[in-house]
Amino acid sequence: MASTTQTAPTKKGFKTSIAEKVAYGMGDVACNVVFALTSGLVVYFYTNVIGISAGLVGTILLLSRIFDGISDLAIAQIMDKVNSKHGKARAWILWMSIPYGVTAVALFAVPANATTWVQAIYIFITYNLCTTVVYTALNLPYASMAPMMTNDEDDLAKLNLFRMSMSPIGNLIVTACTLPFINMLGGDQRAWIIVTVIYSIIAFGMLMWTFFGCKERFHSDAAKEAEGLPFLTRLGAALRNKYFIMLILSMIAVSLYQNVNGTCSTYYAQYLLGNEELMGVMQTVEKIPWIIGVIVLAPFIERFGKRNLVLVGAALCVIAQLILLVAPANYTLILISAALRGLGEAPFYGCIFTMIADTIEFGHWKTGIRVHALLFSAFTVGQKFGGGVAGWAIGQLMDWSGFTGLAVEIPSAVSMVQNIYIWGTVIAWGAVVLCMLFYRLDKQYDSIVSDLAARGQV
């Protein structure tokens, strides 16, 4: 592994090629295959195909997210200590590529004729194996790899823009194609397994593209020094990083939205629009503006700043969802709302990982400790915590409404689906607006990097 000792990204440094940026982005396309399945469709599968109650599924997801949060911190610890000939983060993409596909398929191989508790235990084990262990060991190193690939501030931003403009593609394919494809194959459990096997094979190829197409080059002396510090010392430094805390809270909120949107959009399409396959259209109309928005984001970041764009985008998401109150079952209005939401989401997804990299510099400047992998892992803990709470809350609310999972649902359950879908989104993006109102790092960043340089900490 080629490596130099560079800390803060600078205005002029090594720039990655377009081919390497595409290879890096391909990794998140692959990661979004399982994320799309586990953040929404798998819940629909458990309730409407296997026949498990929404409340039990929600409880399993909440418990799983607790273990998932612990696994993030554990993987960060291991990652800090492991140095492979393939790189510090890049090696994990190779190691986890096959387990990633195998465990994804296992999610849908629930023993159909077993008792409810046997099925629940199987779901708990396979869901944790897939998301808590394998997905974490793949996605966390992948997410932390970008600052190791370039030491140029603008190139790092572009690298993350490539990632976030490409990442919805995996999610888009899964959400748009899965239900029609499954229904074409018969709509039973066997169809779900076949489709997931196909996705897993495609994802493996994408991960190999990332592994062979990317290279780690930079690993700072300050980061190496921090790796030798006790865990509690590094954790304390992370907790004193106020801007990082704001980003964690924002990610918890967005994760709430992702689970509301991923889980409830299928129920919304089935019970309010009369056709569950329309969920794919809703997601496609949302993701296309998201992708376009991220692609054209770079000049707007330079002109307006990351925080301002995220703030305006989050406000747009709130407004877009409130439009649905006019006519919740109007298909045209639903698509207009989805398109506006997608445009509003683009700044958050296009800027968030560069903003995390910025908080690493802020934390180093404030505490003297450069925390890298732990910050990325803590960030994903926030994401998974938000997802776990959302999954549990959705399950409990659906159960409380009398949800049956039948083709024709009772009115109280339909009303609950509508309320969760609309107000869950409003609450989530409203929380992001609140966090961004207090985020001021964009204005301080250049002086912080200059101060680090003057201290000789770059």
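Since the structure is predicted, the reported quantities are computational estimates derived from the model, not experimental observations. (Residues numbered from 1 in each chain as written. Predicted model: local features only at pLDDT ≥ 70, side-chain atom pairs only at ≥ 80, totals over all residues. Heavy atoms only, no water.)

Another point: the overall build of the protein. Counting its regular elements, the protein contains 17 helices and 0 strands. The C-alpha atoms of the protein give a radius of gyration of 21 Å, which matches the 23 Å a tight globule of 458 residues would have. Looking at the protein residue by residue over its 458 residues, the buried ones come to 60%. If you take every contact in the protein between residues at least 6 apart in sequence, the share linking residues at least 24 apart comes to 84%. Surface exposure of the protein reaches about 17100 Å², of which carbon and sulfur atoms provide 70%. Seen as two clouds, the 29 positive and the 26 negative side-chain charges of the protein have centres 6 Å apart. (Helix = DSSP H or I, 4+ residues; strand = E, 2+ residues; numbered from the N terminus. Rg over C-alpha atoms; globule rule 2.2 N^0.38 Å. Buried < 20%, exposed > 50% of the residue type's maximum accessible area, 1.4 Å probe, protein only. Contact = heavy atoms within 4.5 Å. Areas by Shrake-Rupley, 256 points an atom, 1.4 Å probe, with all protein chains shown as cover. Lys, Arg positive; Asp, Glu negative; His and termini not counted. Charge placed at Lys NZ, Arg CZ, Asp CG, Glu CD.)

Turning our eyes to something else, we now look at the packing of aromatic side chains. All told, the structure shown has 21 aromatic pairs when counted by the stated rule. Aromatic pair Trp92 and Trp95: ring centres 5.2 Å apart, planes at 70°, arrangement edge-to-face. Highlighted residues: Trp92 and Trp95, both in helix 3 (residues 90-106), separated by 3 residues, approximately one helical turn. Between Tyr271 and Phe403, the aromatic rings sit 6.2 Å apart at their centres with planes inclined by 80°, giving edge-to-face as the arrangement. Remark: Phe403 occurs in the loop between helix 15 (373-400) and helix 16 (411-437) and Tyr271 occurs in helix 10 (residues 242-272); sequence separation between them is 132 residues. Taking the relative accessible area as the measure of exposure, Phe403 reaches 11% and is therefore buried. (Phe/Tyr/Trp six-rings, centres within 6.5 Å; stacked < 30°, edge-to-face > 60°.)

Here Thr131 shows up in helix 4 (residues 116-143). Judged by its relative accessible area of 3%, Thr131 falls in the buried class. There is a polar contact of 2.7 Å between the side chain of Thr131 and the backbone oxygen of Tyr127. Each residue touching Thr131, except ones within four places of it in the same chain, is listed here: Thr38, Arg65, Asp68, Thr136 and Lys384. (Polar contact = N/O pair within 3.5 Å; in protein donor to acceptor, adjacent residues only side chain to side chain.)

The next point concerns the environment of Leu278. For Leu278, the location among the structural elements is in helix 11 (residues 278-295). Taking relative accessible area as the criterion, Leu278 reaches 19% and is therefore assigned buried. Residues Leu278 and Ser265, 13 residues apart in the sequence, show an inter-C-alpha distance of 9.0 Å. The contact partners of Leu278, leaving out residues within four places of it in the chain, are Ala269, Leu273 and Tyr331.

Put simply, helix 6 (residues 153-184) and helix 14 (residues 331-367) touch, their axes get as near as 8 Å, and they point 140° apart. Looking at the two axes, helix 6 sits oblique to helix 14. Helix-helix and strand crossings are classified by hand; for helix 6 and helix 14 the assignment is right-handed. Along the contact surface, helix 6 presents Leu156, Ala157, Asn160, Leu161, Arg163 and Met164, while helix 14 presents Tyr349, Gly350, Phe353, Thr354 and Ala357. Looking at the contact of helix 6 with helix 14 residue by residue, the classes come out as 7 nonpolar, 3 polar and 1 charged. (Axes fitted to C-alpha atoms, helices over the stretch in contact; angles between N-to-C directions. Parallel < 35°, antiparallel > 145°, perpendicular 65-115°, else oblique. Left-handed = near helix turned anticlockwise from the far one by under 90°. Nonpolar A, V, L, I, M, F, W, Y, C, P; charged D, E, K, R; others polar.)

All right, on to the pattern of salt bridges then. One pass over the structure, following the stated rule, counts 6 salt bridges. Residue Asp152 pairs with Lys15 through a salt bridge whose shortest N-O separation is 3.1 Å. Of this pair, Asp152 sits in the loop between helix 5 (146-149) and helix 6 while Lys15 sits in the segment before helix 1 (18-50), placing them 137 residues apart in sequence. In this structure, the salt-bridge partner of Glu286 is Arg341, at a minimum N-O distance of 3.0 Å. Taken together, the positions of Glu286 in helix 11 and Arg341 in helix 14 put the pair 55 residues apart, joining distant regions of the chain. (Salt bridge = Lys/Arg side-chain N within 4 Å of Asp/Glu carboxyl O.)

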